[in-house]
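Coordinate inspection notes
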2 protein chains.
Amino acid sequence: MDRRQQKTRAAIFQAFSALVSEKNYSRITVQEIIDRANVGRTTFYAHFETKEDLLKALCGELFGHILASAQDITHTHGLYSDGSAPESIFCHLLQHLQENDGNILGLLSGESSELFLRHFKDSLRELIRTQFIAQSRKANLNLPRDFLVNHICGNFVEMVLWWIRGGRTQTPAELDRYFRAVIEPVV
Amino acid sequence: MDRRQQKTRAAIFQAFSALVSEKNYSRITVQEIIDRANVGRTTFYAHFETKEDLLKALCGELFGHILASAQDITHTHGLYSDGSAPESIFCHLLQHLQENDGNILGLLSGESSELFLRHFKDSLRELIRTQFIAQSRKANLNLPRDFLVNHICGNFVEMVLWWIRGGRTQTPAELDRYFRAVIEPVV
DNA sequence: TGCAATAGCGTACACTCTGTTCGTTTTTAT
DNA sequence: ATAAAAACGAACAGAGTGTACGCTATTGCA
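Cut-offs applied
- Residues numbered from 1 in each chain as written.
- Chains lettered and ligands numbered in written order.
- Predicted model: local features only at pLDDT ≥ 70, side-chain atom pairs only at ≥ 80, totals over all residues.
- Heavy atoms only, no water.
- Near = heavy atom within 4 Å.
- Polar contact = N/O pair within 3.5 Å; in protein donor to acceptor, adjacent residues only side chain to side chain.
- Helix = DSSP H or I, 4+ residues; strand = E, 2+ residues; numbered from the N terminus.
- Nonpolar A, V, L, I, M, F, W, Y, C, P; charged D, E, K, R; others polar.
- Least-squares fit on C-alpha atoms with pLDDT ≥ 70 in both.
- Contact = heavy atoms within 4.5 Å.
- Domains from an automatic or database assignment.
- Buried area = accessible area lost by both parts, 1.4 Å probe.
- Salt bridge = Lys/Arg side-chain N within 4 Å of Asp/Glu carboxyl O.
- Phe/Tyr/Trp six-rings, centres within 6.5 Å; stacked < 30°, edge-to-face > 60°.
- Buried < 20%, exposed > 50% of the residue type's maximum accessible area, 1.4 Å probe, protein only.
- Axes fitted to C-alpha atoms, helices over the stretch in contact; angles between N-to-C directions.
- Parallel < 35°, antiparallel > 145°, perpendicular 65-115°, else oblique.
- Left-handed = near helix turned anticlockwise from the far one by under 90°.

**Focus: the protein's contact with DNA strand C**
Among the 20 residues in the neighbourhood of DNA strand C, the closest are listed as B:Gln5, B:Thr8, B:Gly40, B:Thr42 and B:Thr43. Within the side chain of B:His47, a nitrogen or oxygen atom sits 3.1 Å from a phosphate oxygen of DNA strand C. Elements supplying a minimum of two residues to the surface near DNA strand C: helix H1 (3-22), helix H2 (30-37) and helix H3 (41-47) of chain A together with helix H1 (3-22) and helix H3 (41-47) of chain B. Counted by class, the surface near DNA strand C contains three nonpolar, 11 polar and six charged residues.

**Details of the relation of the copies chain B and chain A**
For the pair chain B and chain A, the best superposition has an RMSD of 0.0 Å and corresponds to a rotation of 180 degrees with a translation of 0.0 Å parallel to the axis. Taken together, the rotation and translation relating the two chain copies correspond to the operation of a two-fold axis. When the interface residues of chain B are mapped onto chain A, 100% of them again lie at the interface, so the same face is used by both copies.

**A few points about the domain arrangement of chain A**
Residue and element names in this part refer to chain A. In terms of domains, chain A is made up of domain 1 (1-48) and domain 2 (52-183). Each partner contributes residues to the interface: domain 1 has 15 residues there, and domain 2 has 16 residues. Roughly 1,300 Å² is buried in total at the junction of domain 1 and domain 2, and carbon and sulfur atoms are behind 65% of that figure. If you look at where domain 1 meets domain 2, you find one salt bridge. A salt bridge links glutamate 61 to arginine 9, with the nearest nitrogen and oxygen atoms 3.6 Å apart. Linking domain 1 to domain 2 there are five residue pairs in polar contact (both at pLDDT 80 or more). With eight residues, the top contributor of residues to the side of domain 1 that touches domain 2 is H1.

**Quick look at the protein's contact with DNA strand D**
A:Gln5, A:Thr8, A:Gly40, A:Thr42 and A:Thr43 are the nearest of the 20 residues found near DNA strand D. For DNA strand D, the backbone makes up 62% of the atoms found within 4 Å of the protein, where backbone means sugar plus phosphate. A:Thr43 has a polar side-chain atom sitting 2.8 Å from a phosphate oxygen of DNA strand D. Contacts to DNA strand D include B:Val30, whose backbone N or O atom sits 3.3 Å from a phosphate oxygen. At the level of secondary structure, the elements contributing two or more residues to the surface near DNA strand D comprise H1 and H3 of chain A together with H1, helix H2 (30-37) and H3 of chain B. Within the surface near DNA strand D, the residues separate by chemical class into three nonpolar, 11 polar and six charged.

**Comments concerning the side chain of B:Asn24**
Residues and elements named next belong to chain B. One can find asparagine 24 in the loop between H1 and H2. Within the local environment of asparagine 24, its side chain forms a polar contact with the backbone nitrogen of serine 26, the two atoms lying 2.9 Å apart. Leave out the neighbours within four places in its chain, and asparagine 24 touches Glu111 and Ser112.

**What about the packing of aromatic side chains?**
Residue and element names in this part refer to chain A. Following the criterion strictly, the structure yields 22 aromatic pairs over all chains and no others. Ring plane angle 45 degrees and centroid distance 5.0 Å describe the contact between phenylalanine 90 and phenylalanine 156, whose orientation is recorded as tilted. Of the two residues, phenylalanine 90 sits in helix H5 (residues 89-98) while phenylalanine 156 sits in helix H8 (residues 145-165), which places them 66 residues apart along the sequence. We classify phenylalanine 90 as buried; its relative accessible area is 2%.

**Thoughts on the packing of helix H7 (residues 113-131) of chain A against H8(A)**
Residue and element names in this part refer to chain A. Across the interface, H7 lies against H8 with an axial gap of 9 Å and an inter-helix angle of 135 degrees. Relative to H8, the element H7 lies oblique. Helix-helix and strand crossings are classified by hand; for H7 and H8 the assignment is right-handed. Of H8, the residues touching H7 (which contributes Ser113, Leu117, Phe120, Lys121, Leu124, Arg125, Ile128 and Arg129) are Arg145, Val149, Asn150, Ile152, Cys153, Phe156, Val157, Leu161 and Arg165. Considering only residue class, the contact of H7 with H8 consists of 10 nonpolar, two polar and five charged.

Put into structure tokens, the structure is as follows:
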């Protein structure tokens, strides 16, 4: 990919990302984005069809990274090669979030967090479906499998949102404990 | 309130509600709303400042009803006057939803369900905070109270969404069982 | 019933935002 | 060095927003 394209794309992503953490998505105009990104109008539309297209592309980029790294974790550590328990997927995700790559925390604390959450949930659901559900103790409660997947996914995302909105006063490890407490109560 | 105002308000609500179940909120124009509601442009703006204001008003109306009726339930049946367990708040809410007053199901199955869910959650959180949490078995797991409130609220809303998106093939009683299974596992 | 108050109507308008066109300049890869 | 590709900026049509204004129809009340 042409170096100019990379720069332009990155500049637009960054400008858009900053704007979304500042004000509601619906009130952000293309004009504001290109002003802040310092690119021409024509250039913007050469990269993205609409503002919504930009949103989608940004989500793909952000959540693609995070989820891919979570996939890696399960593949790398899933075999208990050293005898210890593998790091929880969720703990890993939380730590990744805390690093705030690409201003994810900003996006999720802004007014338009729902827009990002939808994408986040969709990606996460897929991960849980394939990687996690087999381990869950609730799998034997005679509940539909897709209900459980949705339940766990929803719980995680709600927790993350609660965490961010509360100023992130808990460590990922603490949060992971909360999460396990509600998801996997010891029977 | 003037009879004309009532009719206008109702017509706008109905038109808007129908549109939201058909297409994305962001792509609905005031023009479409007033065409379908068959009212003049000026009239619309005499009732609502913006489209967003309309959304807010509609949410207030819808969730106000549902939540108020849930409050009643807890006050009426909360005392175990006949010795039997009171009807679950959640079961009651589910039944109420199933009646589809004001096309709530349409709104929650449309593309813009997130917008309504935000309001729904906010109202529900308040209800749970005051009415339900004391009964929860998880209250003694050493978790922050507001975390638990958020958790229960989020679970319920996610379940409702899952239910609607799956074509509502479960009865409220079944759903209530699912919900209790994940929220209140017998220890 | 009659009447003042009020709600609604329709047209028109200024304004903002969108998405595209086109000719020109700059940067890139080779 | 050069041809291809990308970015630029100005300008534009089209759509949507929110307001103003003069007129008509309905309502609540005396």
